[in-house]
Amino acid sequence: MTDNAIARNRGAGGTALRWLVLTVAAIYFIGPLLAAISFTVKKPGGGVTLSAYRDIFNQPGEISFGHALIYSLLIALATIVLALALMVPTQLLLHLRLPRWRGLVEVICLLPLVFPPVVLVVGVSGVYRWAQPGEDGQGGAAFHLLRFIRDSSHPLLLPLLYAVMTLPFVYRAIDAGLRSFDVATLVEASRSLGASWPTTIGSVLLPSLRTALTNAAFLCFALVMGEYTVASILLYTKPFPVWLAQLPTTSGQVRAAISVFSLLLVQALLLVVSGVGTRGARRKVASS
Amino acid sequence: MTTPVEFRDTRRVFGATAALDGFTLAIRPGELLALLGPSGCGKTTALRLLAGFDRPTSGSVLVDGRDVTAVPAAKREMGMVFQSYSLFPTMSALDNVAFGLKVRGRGGAARRGRAQELLDLVGLGEHAKKLPHQMSGGQQQRVALARALAIEPRVLLLDEPLSALDAKVREQLREEIRRIQTELGVTTVMVTHDQEEALSMADRVGVMRAGRLEQCAAPADLYQRPASAFVAEFVGTMNRVPGVAEQGGKVRVLGTTVLAADAGARSRADGETVQALVRPEALVLTADPAGAWTVTTAAFRGATVRVTLSTHGADAQRLVADVPAHRADEVTGGSRVQVALMDGPVLLAD
């Protein structure tokens, strides 16, 4: 057999293996989704119906599907803003001024992976117990502040906790972004051209980190949209995963329809966010 | 006319190491000065102090007669070209060049017009819309040069600007940078470890060693009249040839008596063994089957042939000599030759 024939055979073997891996992965990921979709549209007597999807919007109770979804989306947005506002300046500082502290900060940021979310909730409960009002029923400033944070109409507590839980992912995403280019030299180039620190960060560093920031935001979003433990233990009923788990309906078809619908909706939202980011970058280049 | 750049007894210490130690240098208006030296000699530290990226431990840096030691980089009006190009990755070539003007509040049309002019100047007018990753290394460095020049800097700083490029592009860009610098008359400080680059581009070359300036002179002076053995050996190729000191500041080397160039030569005792520093082109080779030297290698270099010579025995020596190309047949590998020294003063090693 000639070398070319051997190479062709190897190439064909490699392609077949790639297709096999792709097919297995597709079955693994898409198979359950297709099965769920099939189940939601199946009519008991045979045939197809979309009644389970119509019932999503007709659920009894104070909280509707739309309310729960928007509530979680807002929490996700607040979490993304908080996590990025915390980690972007920290990472810039670590890369530009305090590289020796990187190891320590990395360990701290990875801690939420080591401790389960329940531990975090136990810690928060301890803080609330400590700030409980005295016998006169009048709490101190700490109590009022914590009650305000806990209030379910503006649940600041959840984004605060989720920002901690997303630290490992946000840290990794931004760190990888900053390692992909020479931050120090870009800063020096910008500064030597007369740019202030805010201009350097806003016009040079953040656009260069666009992909890393988008990745970090996606990870935050995915975590918040699926987080049940913390919200449930802290007795929040409005977040989407908690609402989904506590639906009064006994219909398995409706529950499955809500899962499928929310999954597809979240995917669509992620695609929209991703598309906006890419188009923004393209427009900037085209306008120059 | 004020001196555009001046270092006054500048010292920069990192821990126990002095990267710059009593560094004093004045740069003339419109000249291109190259700081040359081995790794760790302090040349980049000097450039960073001048750019404002770092501050001296003691001493001062003056620009146009004003002490700028405490002035931040953003307010120094220095254009800098980095070794790694460092173009802003999300901006087009035009936006990169226009960035400094935008920061200075120049209007959109004027800004883009000036940026386009500078891209034309560096020969990249048609690449204005390209992103950095869509350009070659040479093109990126040209854009970086245009970006640095756009702000009409008081001083242009070049930090090893050609070291990341391949040989052919390096040579082209070397000429281009020199042409543009001369055309604009901008005072320029370049840091390099490549002596060929420094000698061919600069009006003056400052050779540095261990944080100090050993000598600052025009390239020809540096080559022909080095102030120290270190400069002599660092710039160009130099042979160390054993000789014997004679009276009157003379030295006998390879059978020829010549004057020693350094002032301390007169204090050497008559008959003292010395090491003379001799350039390859100062050696005269004569083909002789009974000669003491054997040609080890002969490498054709265009106008000359670089020959490696050696002697045999316990005290074997090695020399490098340049022979005119038309005499290449006389110095083929394995042939025996006699070696003599051209008349002229020689420098003695420490």
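Below you will find a few notes about this structure. (Residues numbered from 1 in each chain as written. Chains lettered and ligands numbered in written order. Predicted model: local features only at pLDDT ≥ 70, side-chain atom pairs only at ≥ 80, totals over all residues. Heavy atoms only, no water.)

**Points about the overall build of chain A**
Helix and strand counts for chain A come out as 14 helices and zero strands. Helices and strands in chain A line up, N terminus first, as α-α-α-α-α-α-α-α-α-α-α-α-α-α. Residues counted as buried form 36% of the 288 residues belonging to chain A. The long-range share in chain A, meaning contacts at least 24 apart out of those at least 6 apart in sequence, stands at 72%. Only carbon and sulfur atoms are counted for the fraction: they give 68% of the accessible area of chain A, which is about 16400 Å². (Helix = DSSP H or I, 4+ residues; strand = E, 2+ residues; numbered from the N terminus. Buried < 20%, exposed > 50% of the residue type's maximum accessible area, 1.4 Å probe, protein only. Contact = heavy atoms within 4.5 Å. Areas by Shrake-Rupley, 256 points an atom, 1.4 Å probe, with all protein chains shown as cover.)

**A few points about a nonpolar patch on the surface**
All names here are of chain A. Side chains of Leu93, Leu98, Trp101, Leu104, Ile108, Leu111, Leu113, Val114, Phe115 and Val119 sit close together on the surface and give an oily, nonpolar patch of about 950 Å² of accessible area. For the nonpolar patch, the leading source of residues is helix H4 (residues 102-114), giving five residues. Note on placement: leucine 111 falls in helix H4. (Patch = residues over 30% accessible without salt bridge, like charges linked within 9 Å, V, L, I, M, F, W, Y side chains within 5 Å. Salt bridge = Lys/Arg side-chain N within 4 Å of Asp/Glu carboxyl O.)

**Looking at the interface of chain A and chain B**
At the junction of the two partners, chain A supplies 19 residues and chain B supplies 26 residues. Regarding the contact of chain A and chain B, the summed buried area is about 2000 Å², with carbon and sulfur atoms giving 66% of it. Run the count over chain A and chain B and you get one salt bridge. The shortest N-O distance in the salt bridge between Glu188(A) and Arg48(B) comes to 2.6 Å. Those elements that place two or more of their residues in the side of chain A that touches chain B are helix H9 (183-192), helix H10 (197-208) and helix H14 (252-287) of chain A. Residue contributions to the side of chain A that touches chain B peak at seven residues, all from H9(A). Partitioning the side of chain A that touches chain B into residue classes produces seven nonpolar, eight polar and four charged. (Buried area = accessible area lost by both parts, 1.4 Å probe. Nonpolar A, V, L, I, M, F, W, Y, C, P; charged D, E, K, R; others polar.)

**Some thoughts on the sheet that holds strand E15 (residues 283-287) of chain B**
Residue and element names in this part refer to chain B. Reading across the sheet, the five strands line up as E15-E19-E16-E17-E18 and stay open at both edges, with antiparallel pairing between neighbours. Edge positions in the open sheet fall to E15 and strand E18 (318-324), since each of these has one partner strand only. Strand after strand, the sheet turns through a mean of 45° between neighbouring axes, direction not considered. (Pairing = 2+ DSSP bridges. Axes fitted to C-alpha atoms, helices over the stretch in contact; angles between N-to-C directions.)

**Focus on the sheet that holds strand E13 (residues 256-259) of chain B**
All names here are of chain B. Taken in spatial order, the five strands of this open sheet run E13-E12-E11-E14-E20, and their pairing is antiparallel. Looking along the sheet, the strands with just one partner apiece sit at the ends: E13 and strand E20 (347-348). Note: strand E12 (residues 250-253) against E13, four bridges, orientation antiparallel. The partner of valine 253 across the bridge, within E13, is threonine 256.

**Describing the layout of surface pockets**
Residues and elements named next belong to chain B. Within this model, the second largest pocket holds a volume of roughly 410 Å³. Around the second largest pocket sit 18 residues that line it, and Gln224, Arg279, Ala282, Pro345 and Val346 are the ones nearest its centre. Among the secondary structure elements, those contributing two or more residues to the lining of the second largest pocket are helix H7 (219-224) and strand E14 (273-278). In terms of residue class, the lining of the second largest pocket is built from 12 nonpolar, two polar and four charged. (1 Å grid on protein atoms, 1.4 Å probe; cavity = no way out; pocket = protein on both sides within 12 Å on 5 of 7 lines; lining within 4 Å. Points joined across faces, edges and corners; volume = space filled by probe spheres on them.)

**Some words on the nonpolar core**
Formed by 99 residues in total, the largest nonpolar core has its most connected members in Leu234(A), Trp243(A), Ile258(A), Phe7(B), Leu35(B), Leu50(B) and Leu157(B). Dropping the residues within four chain positions of it, Trp243(A) is found in contact with Gln59(A), Ile63(A), Ser64(A), Phe65(A), Ala68(A), Thr237(A), Lys238(A) and Ile258(A). Listed in part, the 45 residues of the second largest apolar core include Leu118(B), Ala128(B), Ala198(B) and Val235(B). (Core = buried A, V, L, I, M, F, W, Y, C linked by side-chain atoms within 4.5 Å.)

**What to know about the side chain of Thr200(A)**
Residues and elements named next belong to chain A. Looking at where threonine 200 falls in the secondary structure, it is placed in helix H10. Within the structure, the side chain of threonine 200 is placed 2.8 Å from the side chain of serine 190, a separation counted as a polar contact. Here serine 196 takes part through its backbone oxygen, which lies 2.8 Å from a polar atom of the side chain of threonine 200. With near-sequence residues (within four places) excluded, threonine 200 lies in contact with Val187, Ser190, Arg191, Ala195 and Leu205. (Polar contact = N/O pair within 3.5 Å; in protein donor to acceptor, adjacent residues only side chain to side chain.)

**Details of the environment of Pro117(A)**
Residue and element names in this part refer to chain A. Along the polypeptide, proline 117 turns up in helix H5 (residues 117-130). Proline 117 gets classed as partly exposed once you look at its relative accessible area, which sits at 28%. In this structure, the C-alpha to C-alpha distance between proline 117 and proline 207, residues 90 residues apart in sequence, is 33 Å. In this structure, proline 117 is in contact with Met165 and Val230, ignoring residues within four places of it in sequence.

**Some details on the packing of H4(A) against helix H8 (residues 167-179) of chain A**
Contact pair H4(A) / H8(A): the axes reach a minimum separation of 7 Å and the direction vectors enclose 145°. Between H4(A) and H8(A), the residues in contact are Arg102(A), Val105(A), Glu106(A), Cys109(A), Leu110(A), Pro112(A) and Leu113(A) and Leu167(A), Pro168(A), Phe169(A), Tyr171(A), Arg172(A) and Arg179(A), respectively.

**Here's the deal with the side chain of Glu176(B)**
Residues and elements named next belong to chain B. Relative to the elements of secondary structure, glutamate 176 occurs in helix H5 (residues 167-184). Side-chain polar atoms of glutamate 176 contact the side chain of arginine 142, separated by 3.0 Å. With sequence-adjacent residues up to four places away left out, glutamate 176 is seen in contact with Val122 and Arg142.

**Here we look at the packing of helix H4 (residues 137-150) of chain B against H5(B)**
Residue and element names in this part refer to chain B. In the contact formed by H4 and H5, the axes pass within 11 Å of each other and the chain directions differ by 15°. The pairing of H4 with H5 is recorded here as roughly parallel in orientation. Note on packing geometry: the crossing formed by H4 with H5 is right-handed. Contacts between H4 and H5 involve Gly138, Gln141, Arg142, Leu145 and Leu149 from the first element and Val169, Gln172, Leu173, Glu176, Ile177, Ile180 and Leu184 from the second. Residues that form the contact of H4 with H5 fall into these classes: seven nonpolar, three polar and two charged. (Parallel < 35°, antiparallel > 145°, perpendicular 65-115°, else oblique. Left-handed = near helix turned anticlockwise from the far one by under 90°.)

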